[in-house]
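Chains, contacts and geometry: an overview
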Amino acid sequence: PTNKHIYYGNTGPNSGTDFGELDADDQDFTGPENIFWAPMYMPPSGTYHVCASPYNINGPTGFTLTIKRPGQPDIVMTGMRTVDNSSSVCDTSSPNYVTSFSYP
């Protein structure tokens, strides 16, 4: 919601990620990758955009996305990517865009 990106080039936690954190940059296709806020930090309120940016793929690659928010049902989405497009830009016009959700 504050136009900051959590991704392989900025895994956080720091002010550039609003103190959110990417726990691992999965480059061996074993997953999962998790973005989270440690208990001492609060995610900013607003709309979040989620992208799935494949890395080094040689054909159709599936993904499962689970969004967990306290006191709300999980959002679960699956999809497929066929092109290696590891852009760090994630907005609604990105070729890697999956969904947006609001927090809280």
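Notes on the structure in this doc start here. Sequence order sets the numbering: in each chain, residues are counted from 1 along the sequence as written. With the structure being a predicted model, the display of local features is reserved for residues of pLDDT at least 70 and the display and counting of side-chain atom pairs for 80 or more, all residues being used for whole-chain, interface and lining totals. Only hydrogens and water are set aside; all other atoms, that is, all heavy atoms of the structure, feed into the side-chain values.

1. Regarding the packing of aromatic side chains
Aromatic pairing here means that ring centres of Phe, Tyr or Trp (its six-membered ring) are within 6.5 Å. Orientation follows from the plane angle: under 30 degrees is stacked, over 60 is edge-to-face, and everything else is tilted. If you walk through the whole model with that rule in mind, you get 4 aromatic pairs. Between the aromatic rings of Y7 and Y8, the centroid separation amounts to 5.1 Å while the plane-to-plane angle is 85°, which identifies the pairing as edge-to-face. A relative accessible area of 26% places Y7 in the partly exposed class. Look at Y8 and you get partly exposed, because its relative accessible area is 45%. Their ring planes at 80° and their centres at 6.0 Å tell us that W37 and Y48 sit as a pair that is edge-to-face. Separated by 11 residues along the polypeptide, W37 in strand β2 (residues 35-37) and Y48 in strand β3 (residues 46-51) bring together distant segments of the chain. Through a chain of ring-to-ring contacts, the aromatic side chains of W37, Y48 and F101 assemble into a single cluster. Burial classes follow relative accessibility: with a 1.4 Å probe on protein chains only, a residue under 20% of its type's maximum area counts as buried, one over 50% as exposed, and anything between as partly exposed. Working definition: helices are DSSP H or I runs of at least four residues, strands are E runs of at least two. Numbering for both runs from the N terminus.

2. Considerations on the environment of Y55
Looking at the element boundaries, Y55 is found in the loop between β3 and β4 (61-67). Taking the C-alpha atoms as reference points, Y55 and N85, separated by 30 residues in sequence, lie 7.0 Å from one another. The contact rule is simple, with two residues in contact once any of their heavy atoms fall within 4.5 Å. Residues within four places of Y55 in sequence aside, it is in contact with Q27, F29 and D84.

3. Side note on the pattern of salt bridges
By salt bridge we mean one thing: a side-chain nitrogen of Lys or Arg within 4 Å of a carboxyl oxygen of Asp or Glu. Applying the stated criterion across every chain yields a total of 2 salt bridges. The partner of K4 in a salt bridge is D18, with the nearest N and O atoms 3.2 Å apart. Separated by 14 residues along the polypeptide, K4 in the segment before β1 (20-22) and D18 in the segment before β1 bring together distant segments of the chain. A relative accessible area of 40% places K4 in the partly exposed class. The class for D18 is buried, based on a relative accessible area of 16%. Linking K68 and D74 is a salt bridge whose minimum nitrogen-to-oxygen distance equals 3.0 Å.

4. A short note on the nonpolar core
Side chains of nonpolar character tend, in soluble globular proteins, to be buried together. In these notes, a set of buried Ala, Val, Leu, Ile, Met, Phe, Trp, Tyr and Cys residues joined through side-chain atoms within 4.5 Å is what counts as a nonpolar core. Ranked by size, the top nonpolar core spans 9 residues in total: Y48, V50, A52, F63, L65, I67, V98, F101 and Y103. Going through the elements one at a time, β3, β4 and β6 (97-103) are the ones with two or more residues in this core. Those residues within four positions of I67 in sequence are excluded, and the remaining contacts are V50, D74, I75, T99 and F101.

5. Comments concerning the side chain of R69
Mapped onto the elements, R69 comes out in the loop between β4 and β5 (75-81). One buried charge, R69, has no salt-bridge partner; the nearest side chain with opposite charge is D74, at 7.3 Å. In protein, a polar contact requires one atom able to donate a hydrogen and another able to accept it; more generally it is a pair of N or O atoms within 3.5 Å, and residues adjacent in sequence count only if both atoms are side-chain atoms. Separated by 3.0 Å, the side chain of R69 and the backbone oxygen of S102 make a polar contact. The residues contacting R69, other than those within four sequence positions of it, are I75, F101, S102 and Y103. In this tally Asp and Glu are treated as negative and Lys and Arg as positive; neither His nor the chain ends contributes.

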